[in-house]
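Chain residues, written in single-letter form:
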Amino acid sequence: MGFVANVVQRGRTFQCRRRIPADLRQRLGRHELVRSLGTGDIRAAKLRACRLYVAAEELFSTPRATPMLTDD
């Protein structure tokens, strides 16, 4: 799977938007992660988005590795 975070400009600042994988959406209660990158410089924004992409991958791996207790 390739890099799938989007860098979008909102006003003068860039944001990173990342879809949550379908298997985790219900568990995490959302469809997308959105985070301000705190910069108006596109080069800095892309670098920060790469770092957030890695952090999101770590976030997604935790619930996959930890089964939830259910009534099943």
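Please refer to the structure placed before this passage.
Conventions and cut-offs
Residues numbered from 1 in each chain as written. Predicted model: local features only at pLDDT ≥ 70, side-chain atom pairs only at ≥ 80, totals over all residues. Heavy atoms only, no water. Helix = DSSP H or I, 4+ residues; strand = E, 2+ residues; numbered from the N terminus. Buried < 20%, exposed > 50% of the residue type's maximum accessible area, 1.4 Å probe, protein only. Contact = heavy atoms within 4.5 Å. Core = buried A, V, L, I, M, F, W, Y, C linked by side-chain atoms within 4.5 Å. Expected span 1.5 Å × (residues − 1). Pairing = 2+ DSSP bridges.

Chemist: I'd like a rundown of the overall build of the protein chain, residues and numbers included.
Modeler: A count of helical and extended segments in the protein chain gives two helices and three strands. What you see in the protein chain, going N to C, is helices and strands ordered as β-β-α-β-α. Each of the 72 residues in the protein chain was classed as buried or not, and the buried ones make up 22%. A separation threshold of at least 6 residues defines the contact pool for the protein chain, and within that pool the share at least 24 residues apart is 49%.

Chemist: Break down the side chain of Gln-15 for me, citing the residues and quoting the values.
Modeler: Assignment of secondary structure puts Gln-15 in strand β2 (residues 13-19). In this structure Gln-15 touches Asn-6, Val-7, Val-8, Arg-10, Val-34, Arg-35, Ser-36 and Leu-37, once residues within four positions along its chain are discounted.

Chemist: So what's going on with the nonpolar core? Which residues, and what values?
Modeler: Core analysis: the largest hydrophobic core is formed by seven residues, namely Ala-5, Phe-14, Cys-16, Leu-37, Ala-45, Ala-49 and Tyr-53. Looking at this core, the elements with two or more residues in it are β2 and α2 (42-65). At three residues, the largest contribution of residues to this core is made by α2. Here Phe-14 is in contact with Val-7, Val-8, Gln-9, Ser-36, Leu-37, Gly-38, Thr-39, Gly-40, Asp-41, Ile-42 and Ala-45, once residues within four sequence places are set aside.

Chemist: So what about α2? Which residues, and what values?
Modeler: Look at α2: 35 Å from first C-alpha to last across 24 residues, which is about the 34 Å you get at 1.5 Å a residue. Within α2, the full set of buried residues consists of Ala-45, Ala-49, Tyr-53, Ala-56, Phe-60 and Pro-63. Packed against the buried residues of α2 are β1 (6-10), β2, α1 (22-28) and β3 (32-36).

Chemist: So what about the pairing of β2? Which residues, and what values?
Modeler: Within a regular strand, the side chains alternate between the two sheet faces. Both β1 and β2 contribute to a ladder of five bridges, which runs antiparallel. The residue of β2 that forms the bridge with Asn-6 is Arg-17. Joining the antiparallel neighbours β1 and β2 is a turn of two residues, in which Gly-11 adopts a positive phi near 70 degrees. Summarising the sheet, β2 and β3 pair through five bridges and their orientation is antiparallel. Bridging from a neighbouring strand, Arg-19 pairs with Glu-32 of β3.

Chemist: Go over the environment of Leu-24, please, and point to the residues and values.
Modeler: As for its position among the elements, Leu-24 is in helix α1. Between the C-alpha atoms of Leu-24 and Pro-63, which are 39 residues apart in sequence, the distance is 7.8 Å. Other than its neighbours up to four places away in sequence, Leu-24 contacts Phe-60, Pro-63 and Arg-64.

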